[in-house]
Amino acid sequence: MTSDQILLSLLAAIVAFVVTMVIRSHYRREFIVNAGFAGLLYHEGKLVETLAAGLHVRWGVNFRLAFIDTRQTLLQVPGQEVLSSDNVGVKISVVLTTQIVDAATAVQAVDNHVGHIYSATQTAVRTAVAGVTLEALLGQRVALGAQLRELIAPPAAAIGVQVRAVEVRDVMLPGELRKAFGEALKARQQGQGALERARGESAALRHLANAARLLESHPSLATLRFLQTLEASDSRQTFVMNDLSALLPTFKTRAANAADSAPEET
């Protein structure tokens, strides 16, 4: 190979390298999607692909990448006034845990997926509360949250959003009704306390009745109880008795026992 041929080969390689670099710089595109997001890749205004987290390389021009947050988010629906089945107006606030599972659908199906879920939640709250009484509503908040999730999940799934949980945060009653419930609760607690006191008094009366029957059958028990009281009492106390007949049998028995136990004189 002559020197001219070598020079031409070298020039061709340089030209090829320069052309490659020009094409690479103008037509090679790198896209990086962070974790927790999905990338919607548009080419000349048309959605062509949904990119997962990572590095992506595409060839061409007129690309645009839009990032969609796919992490779980909380959607708070403030209290709205609704009527229960017994025509009592209450305000209920709800918190939803949502997550975008289909980014393309969430962007293309509706203009604002958050607004649509918000509206679906309000409708579901009115539907669920209208079928229960106020008392059941106050006592079944967890069950109401599960029911709301069943009502909200289908319309949310239609726009690419998954409803993971629904929690009933607050149930607010009107002022007069809240006062009435407080008075009813107080009356219920007072009644429970009176019932417990009555049970205690009844038990005490039963014990007294049993003791009275026992003393009636065995009068000497009263004497023994009196003597125990004397032994346990302070020596400085004074006891006045009008009738000592109940103590005579006991005193006679003690005197006889003392005589029997005394030693005989020789």
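Visitor: Could you clarify how one ought to interpret the pairing of strand β2 (residues 37-43) in this entry?
Guide: Across a regular strand the side chains alternate sides, sitting on one face of the sheet and then on the other. Counting buried positions over the seven residues of β2 gives five, a clear majority of the element. Sheet topology note: the β2/strand β5 (residues 63-69) ladder contains seven bridges and is antiparallel. The residue of β5 that forms the bridge with Leu 40 is Ala 66. The turn linking β2 back onto strand β3 (residues 46-51) is made up of two residues, and Glu 44 within it adopts a positive phi angle of 55°.

Visitor: What is the right way to look at helix α3 (residues 113-129) in this model?
Guide: Helical geometry: 3.6 residues make up each α-helical turn, so side chains three or four residues apart lie on a common side. Between its first and last C-alpha, α3 extends 24 Å over 17 residues, near the 24 Å set by a 1.5 Å rise per residue. Within α3, burial applies to Ile 117, Thr 121, Ala 124, Val 125, Ala 128 and Val 129. For α3, the angular spread of buried residues about the axis comes to 110°, placing them on one side. Summarising the contacts, the buried residues of α3 are in contact with β6 (73-83), β7 (89-100), α4 (134-139), α5 (141-157) and β8 (161-172).

Visitor: Before we go on, may I ask you to explain the environment of Ile 92 in this structure?
Guide: With respect to the helices and strands, the residue Ile 92 is situated in strand β7. Taking C-alpha positions, Ile 92 is 7.2 Å from Val 168, a pair spaced 76 residues apart along the chain. Contacts of Ile 92, omitting those with residues within four sequence positions, involve Pro 78, Gly 79, Gln 80, Val 82, Val 125, Val 129, Leu 137, Val 168, Asp 170 and Val 171.

Visitor: Would you take a moment to explain the sheet that holds β7 for this structure?
Guide: With respect to topology, three strands assemble into an open sheet ordered β6-β7-β8, the strand pairing being antiparallel. The sheet is open, and its two borders are formed by β6 and β8, each paired with just one other strand. Here the strands of the sheet are splayed against their neighbours by 25° on average, with no regard to which way each runs. Relative to β8, β7 runs antiparallel, the two being bridged by 10 bridges. Within β8, the position partnered with Gln 99 by the bridge is Gln 162. Lying on the sheet, α3 is in contact with β6, β7 and β8; it crosses β6 at an angle near 40°. This element, α5, spans β7 and β8 of the sheet and lies at about 140° to β8.

Visitor: What exactly am I supposed to notice about the pattern of salt bridges here?
Guide: Oppositely charged side chains can pair when the atoms bearing their charge come close. Under the definition given, this model contains four salt bridges. Of the charged contacts in the structure, one is a salt bridge between Arg 71 and Asp 69, with a shortest N-O distance of 2.8 Å. The salt bridge involving Glu 167 is made with Arg 169; its shortest N-O contact spans 3.9 Å. Judged by relative accessible area, which is 45%, Glu 167 ranks as partly exposed. Note on Arg 169: relative accessible area 36%, which makes it partly exposed.

Visitor: When you look at the packing of aromatic side chains in this model, what are you seeing that I'm missing?
Guide: For any pair of aromatic rings, the description rests on two quantities: the centre-to-centre distance and the angle between the ring planes. A full pass over the atoms with the stated rule returns one aromatic pair. On the numbers, 6.0 Å between centres and 70° between planes, the contact of Phe 31 with Phe 63 is edge-to-face. Highlighted residues: Phe 31 in strand β1 (residues 28-33) and Phe 63 in strand β5, separated in sequence by 32 residues. According to the relative accessible area criterion, Phe 31 is buried, its value standing at 9%. The exposure class of Phe 63 is partly exposed, given its relative accessible area of 21%. Positioned above the aromatic ring of Tyr 42, the side-chain terminus of Arg 64 is 4.4 Å from the ring centre.

The rules behind these values
- Residues numbered from 1 in each chain as written.
- Predicted model: local features only at pLDDT ≥ 70, side-chain atom pairs only at ≥ 80, totals over all residues.
- Heavy atoms only, no water.
- Buried < 20%, exposed > 50% of the residue type's maximum accessible area, 1.4 Å probe, protein only.
- Helix = DSSP H or I, 4+ residues; strand = E, 2+ residues; numbered from the N terminus.
- Pairing = 2+ DSSP bridges.
- Expected span 1.5 Å × (residues − 1).
- Arc of directions from axis to C-beta.
- Contact = heavy atoms within 4.5 Å.
- Axes fitted to C-alpha atoms, helices over the stretch in contact; angles between N-to-C directions.
- Salt bridge = Lys/Arg side-chain N within 4 Å of Asp/Glu carboxyl O.
- Phe/Tyr/Trp six-rings, centres within 6.5 Å; stacked < 30°, edge-to-face > 60°.
- Lys NZ or Arg CZ within 6 Å of the ring centre and 35° of its normal.

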